[in-house]
Amino acid sequence: MRFELDPEVVLFAESVRAAIGAWQPPREPDLGGWHDDRDDELAARVAEAGWAELWAGEDLLPAAVAGGIELGRAAAPVCLVDEATLGAPLWLDGRSRHALSSASLAVAEPRGGLGLGPPSSEARPELTLDGSGTVLVDVSATGRLEEVAATACWRAWNAATLAYLAGLAQHALALAVEHARTREQFGAPLGSLPAVQSRLAGAALATDSVTLLAWTATANDGGLQPDALRFAGSACCEVTASAHQVHGAVGFALETGLHAYHRRARSVASWAAAAADAAH
Amino acid sequence: MVRDRTGSREAEPGATRDATEIVRGPSSVSIQTCRCSTRRVYDRTRVDLRLTDAQLALRDEADALGASLRPALADDPEWRRQGLLSDGDSREVTRALGDAGLIGLTWPEEVGGRGLTHVDAALVEDALGYHWLPLSLYLLSYKTVGCALERFAAPALRERLLGPIARGELTFCQGFSEPEAGSDLASLTTRATLQDDRFVVNGHKIWTSSAWLADWIYLAVRTNPDEPRHRGVSVLVAPIDTPGIEVRRFPVLGGGFLCEIFLDGVEIPAANLVGELNRGWDVVMHTLDFERITAEKLGGLAWVLDELERRLRSTNRLDGSRARVEALRGELAAARLLSLRAADLLDRGESASAASAMAQLASARLAQRLARDGIELLGVEGLADAQTSAPLEGRIGGLYRASVGSTISGGSADILELVVARRGLGLG
């Protein structure tokens, strides 16, 4: 048991971070409109850094976590998680993300199964909370992956999703801590108020919890981990909500950018919970 | 991206590469650094928690001992009423743990230990807790007091005390809190005056676990009243039957007892000083770092969760409650990781204050959430309390009572949050 990563995994995280570069989620999207933050240039850069085909071996799980955290920190498009781990956009409950023009969809099937199949209907955009390009679409008969392959895909998706949630939480917490340090009220930084300290301590506890669960997923030899996915989803939402509370009104302004983390956290948590449901 | 729509992906070109092949060298990338101090925390959350074979064997050893000791406890009414058994008292169990060589795991072999790590000890405590062994005397004697003695006591005192503690023959209680010094421990007023080769101690301690059973007491006292607060504090140890020490026990909500200690002209040899005179605050803080890693509570909560799920399944209620049970399991897994991380920091000799505060917060909140959710999910049968024939041996009712104290004992959650914010996040 050790609490340190191999240096090469740290380097991989740095290479994904560099590939993300200055990319940021849209700051002022059309609320209540349909929005797809898919970015093919970003996808190409992270693929070049090695963020691809993460199902291919258990020894890639540390990379799935290290890179997933970086993607979460940037609130990067979630298609980067689905396509690098499942090979196609995830399809659940009649919906898929970032799948407006996908030739193939990854279908969650009962008891941890996974199928791949083409859309059988026109993709109809569905307005959703975040900009993850959700579409309502039907899938024709799917080719069901062999159990070993399906498990490997879900294992990678599980690790990367937990990591993405950890990254979202880490960034939201870092923004909130920075705000609490620099914003002064009553003649002192907000962070000197015990109530604010208490709230941020809770957020730090939740963030570390999700981060530790993500790294532990590198030792997972099964597929989805419903326990970790459910807890991590709600914990991440708790962190982003706390970050908003600490920011006060300024966080409510779209130009601040925190909203992207709050909305994406809820979205990923719901998809994670739905995947956990499908695992039974 | 190459996609395989037919099934196995094992034969794909990318299938054989390993993690090192997808790494890009650092020279070609710009490395962003986080300006925020939370980075310090995250640097310690990169983790590979595969247990070694030796750790698996050690955990199995503790599990087997716990299973063997549990049946003999069933007739004890105190055991049935105790809502968080890690708070329970038993000299017999402590002795059995000593006989099995499970006390003092982290100490050197020459003082009765095994030279293992605090992570190993946490794994053992989790396994023992799963069987709901009464562990209060063990925890006080080894983890909080014993480990501080091992680090801070003079060689003669270490030699005198650690061996008997490791054998389960010598037990300790810890006299820290006072009627006017609870969360604000640094305001303690119990006075120790050095007269020749002994201290004379006068004062009043309260909320002391296991004092009615313990052999010795570990006392935080004020040795220099002219120094402010945490300066001028020292730590002493003494047999509990030293003249002038009076113990009064009183029953508490969780089951069992807490005690108050009256100290009236108690003479303690100067050789029983732990650490340096007037520098006892460092010893106290170190002690609390150990106390706040509550792996044993998590083991007990894991048993409750296992039994809760079994009961819901056997009564066809699991499908409707699966999401809540799974979320609790996820929270338990995270709490265990937080405990192990804090233990790992102690093993490295690094500051563990924020990490151990987080570990205790996670454990305490889980205890309360599990008690609330468990009672709700079980319905009226969950109200059974100390009724061993009831579902979960009637433990949920007891846990509901006892978990009230989980965010109070060992440090109020409100104060622990400030520790996390100030030491972990650099606020304040």
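Computed from a predicted structure; not experimentally measured.

> Can you tell me about the overall build of chain A, naming the residues and giving the values?
What chain A contains, in helices and strands, is nine helices and nine strands. For 280 residues, the compact-globule formula gives about 19 Å, and the C-alpha radius of gyration of chain A, at 18 Å, lands near that figure. Referenced to the eigenvectors of the C-alpha coordinate spread, the extents of chain A come out at roughly 65 × 45 × 35 Å. Counting over 280 residues, chain A shows a buried share of 62%. Carbon and sulfur atoms make up 53% of the accessible area of chain A, which amounts to about 9500 Å² in all.

> Account for helix α2 (residues 40–48) of chain A, with residues named and values stated.
For α2 of chain A, the N-terminal capping position is held by Asp39 of chain A, with its side-chain oxygen 3.0 Å away from the main-chain nitrogen of Glu41 of chain A. One or two steps after α2 of chain A, the chain reaches Gly50 of chain A, where phi turns positive at roughly 115 degrees.

> Which residues make up the state of the cysteines, and what values do they have?
All names here are of chain A. Per the stated rule, a full pass over the model turns up zero disulfides over all chains. Unpaired in this structure, Cys153 has its nearest cysteine sulfur neighbour in Cys79, at a distance of 17 Å. Left without a disulfide partner, Cys236 is nearest to the cysteine sulfur of Cys237, which lies 5.9 Å away. Under the relative-accessibility criterion, Cys236 is labelled buried at 0%.

> Outline the pairing of strand β4 (residues 113–117) of chain A, listing residues and values.
All names here are of chain A. Burial within β4 is extensive, with five of its five residues counted as buried. Residues Gly113, Gly115 and Gly117 point to one face of β4 and Leu114 and Leu116 to the other, with burial holding for every one of them. Here strand β3 (residues 105–109) pairs with β4 via five bridges, running antiparallel. Bridge pairing in β4 links Ala106 to Leu116. Where β3 folds back onto β4 in an antiparallel hairpin, the turn is made up of three residues, including Arg111, whose phi is positive at roughly 55 degrees. Pairing analysis gives two bridges linking β4 to strand β7 (residues 143–144), with the strands arranged antiparallel. If you follow Gly115 over to β7, its bridge partner there is Arg144.

> Tell me about the packing of helix α5 (residues 147–182) of chain A against helix α7 (residues 226–247) of chain A, and name the residues and values.
Residue and element names in this part refer to chain A. Viewed as axis vectors pointing N to C, α5 and α7 meet at an angle of 15 degrees, and their least axial separation amounts to 9 Å. In this view, α5 runs roughly parallel relative to α7, as classed from their interaxial angle. Note on packing geometry: the crossing formed by α5 with α7 is left-handed.

> Help me get a handle on the sheet that holds strand β6 (residues 134–136) of chain A, residues and values and all.
All names here are of chain A. Read from one edge to the other, the open sheet built from seven strands follows the order β5-β6-β2-β1-β3-β4-β7, with strand pairing classed as mixed. Two strands in the sheet have a free side with no partner beyond their single neighbour: β5 (124–125) and β7. Relative to β4, α5 is tilted by about 95 degrees, and along the sheet it contacts β1 (90–92), β2 (95–97), β3 and β4.

> Which residues make up the nonpolar core, and what values go with them?
Within the largest apolar cluster, 201 residues are counted, with the highest numbers of intra-cluster contacts made by Trp51, Leu71 and Leu200 of chain A together with Leu149 and Phe172 of chain B. Core analysis: the second largest hydrophobic core is formed by 21 residues, Cys173, Ala211, Ile217 and Val221 of chain B among them.

> Help me get a handle on the pattern of salt bridges, residues and values and all.
All names here are of chain B. Under the criterion given, the structure shown has 45 salt bridges over all chains. Notably, a salt bridge pairs Glu61 with Arg114, separated by 2.6 Å at the nearest N-O pair. In this pair, Glu61 is assigned in helix α2 (residues 53–73) and Arg114 in the loop between α4 (91–99) and α5 (118–130), connecting sequence segments 53 residues apart. Overall, the relative accessible area of 32% leaves Glu61 in the partly exposed class.

> Tell me about the packing of aromatic side chains, residues and numbers included.
All names here are of chain B. By the definition in use, this model includes eight aromatic pairs over all chains. Centre to centre, the rings of Tyr138 and Tyr142 are 5.7 Å apart; their planes meet at 35 degrees, and the pair counts as tilted. In this pair, Tyr138 and Tyr142 both sit in helix α6 (residues 136–152), four residues apart, roughly one turn of the helix. Neither residue differs from the other here; Tyr138 and Tyr142 are each classed as buried. When the centroid spacing of 5.9 Å and the interplanar angle of 80 degrees are considered together, the rings of Trp207 and Phe250 count as edge-to-face. Linking Trp207 in strand β3 (residues 198–209) with Phe250 in strand β6 (residues 245–251), this pair joins segments that are 43 residues apart in sequence.

> I'd like a rundown of the environment of Ala49 of chain A, residues and numbers included.
Residues and elements named next belong to chain A. Following the sequence through the fold, Ala49 ends up in the loop between α2 and α3 (61–73). Note on Ala49: relative accessible area 5%, which makes it buried. Along the sequence, Ala49 and Ser15 sit 34 residues apart, while their C-alpha atoms lie 5.9 Å from each other.

> I'd like a description of the environment of Val266 of chain B, backed by residues and values.
Residue and element names in this part refer to chain B. Within the secondary structure, Val266 is located in strand β7 (residues 257–269). A relative accessible area of 0% places Val266 in the buried class. Considering only alpha carbons, one finds Val266 and Ala57, 209 residues apart in sequence, at a separation of 46 Å. If we ignore the near neighbours within four places in the chain, the residues touching Val266 are Phe199, Val200, Val201, Thr242, Pro243, Gly244 and Ile245.

> Provide a residue-level description of the environment of Gly255 of chain B, including the pertinent values.
Residues and elements named next belong to chain B. By the element assignment, Gly255 lies in the loop between β6 and β7. Considered as a pair, Gly255 and Gly275 are 20 residues apart in the sequence and their alpha carbons are 35 Å apart. If we skip the residues at most four places from it in the chain, Gly255 touches Arg81, Gln82 and Arg401.

> So what's going on with the side chain of Ser363 of chain B? Which residues, and what values?
Residue and element names in this part refer to chain B. Along the chain, Ser363 turns up in helix α11 (residues 353–378). Judged by relative accessible area, which is 2%, Ser363 ranks as buried. Of the polar contacts made by the side chain of Ser363, one reaches the side chain of Thr294; its length is 3.0 Å. Sequence-distant contacts of Ser363, defined by excluding residues within four places in its chain, comprise Thr294, Lys297, Leu298 and Leu301.

> Give a description of the packing of α5 of chain B against α6 of chain B that names residues and reports values.
All names here are of chain B. Where α5 meets α6, the axes come as close as 13 Å, and the angle between the chain directions of the two elements is 165 degrees. When the axes of α5 and α6 are compared, the pair comes out roughly antiparallel. Helix-helix and strand crossings are classified by hand; for α5 and α6 the assignment is left-handed. Contacts between α5 and α6 involve His118, Ala121 and Glu125 from the first element and Tyr138, Tyr142, Lys143 and Cys147 from the second.

> Account for the confidence of the model for chain B, with residues named and values stated.
Looking at chain B as a whole, the pLDDT averages 87, with 88% of positions reaching at least 70. The low-confidence segment residues 1–46 of chain B, where pLDDT is below 50, has 118 contacts with residues more than four positions distant or belonging to other chains.

> Describe the pairing of β6 of chain B, with residues and values.
Residue and element names in this part refer to chain B. Pairing geometry for β6 and β7, over seven bridges, is antiparallel. The residue bridging Arg249 from the neighbouring strand is Cys259, located in β7. Where β6 folds back on β7, the antiparallel hairpin that results is connected by five residues, among which Gly255 adopts a positive phi of roughly 105 degrees.

> Let's hear about the confidence of the model for chain A: which residues, and what values?
Residues with a pLDDT of 70 or more make up 99% of chain A, whose mean pLDDT is 94. No element of chain A has a lower mean pLDDT than β7 of chain A, which averages 90, and none a higher one than α7 of chain A, which averages 98.

> Report on the side chain of Ser406 of chain B, specifying residues and quantitative values.
All names here are of chain B. Topologically, Ser406 is positioned in the loop between α12 (395–402) and α13 (413–424). Among the polar contacts made by the side chain of Ser406, one reaches the main-chain carbonyl oxygen of Ala364 at a distance of 3.2 Å. For Ser406, the contacting residues outside a window of four places in its chain are Leu84, Gln360, Ala364, Ala367 and Gln368.

Parameters at a glance
Residues numbered from 1 in each chain as written. Chains lettered and ligands numbered in written order. Predicted model: local features only at pLDDT ≥ 70, side-chain atom pairs only at ≥ 80, totals over all residues. Heavy atoms only, no water. Helix = DSSP H or I, 4+ residues; strand = E, 2+ residues; numbered from the N terminus. Rg over C-alpha atoms; globule rule 2.2 N^0.38 Å. Buried < 20%, exposed > 50% of the residue type's maximum accessible area, 1.4 Å probe, protein only. Areas by Shrake-Rupley, 256 points an atom, 1.4 Å probe, with all protein chains shown as cover. Polar contact = N/O pair within 3.5 Å; in protein donor to acceptor, adjacent residues only side chain to side chain. Disulfide = S-S within 2.5 Å. Pairing = 2+ DSSP bridges. Axes fitted to C-alpha atoms, helices over the stretch in contact; angles between N-to-C directions. Parallel < 35°, antiparallel > 145°, perpendicular 65-115°, else oblique. Left-handed = near helix turned anticlockwise from the far one by under 90°. Contact = heavy atoms within 4.5 Å. Core = buried A, V, L, I, M, F, W, Y, C linked by side-chain atoms within 4.5 Å. Salt bridge = Lys/Arg side-chain N within 4 Å of Asp/Glu carboxyl O. Phe/Tyr/Trp six-rings, centres within 6.5 Å; stacked < 30°, edge-to-face > 60°. pLDDT = per-residue confidence, 0-100.

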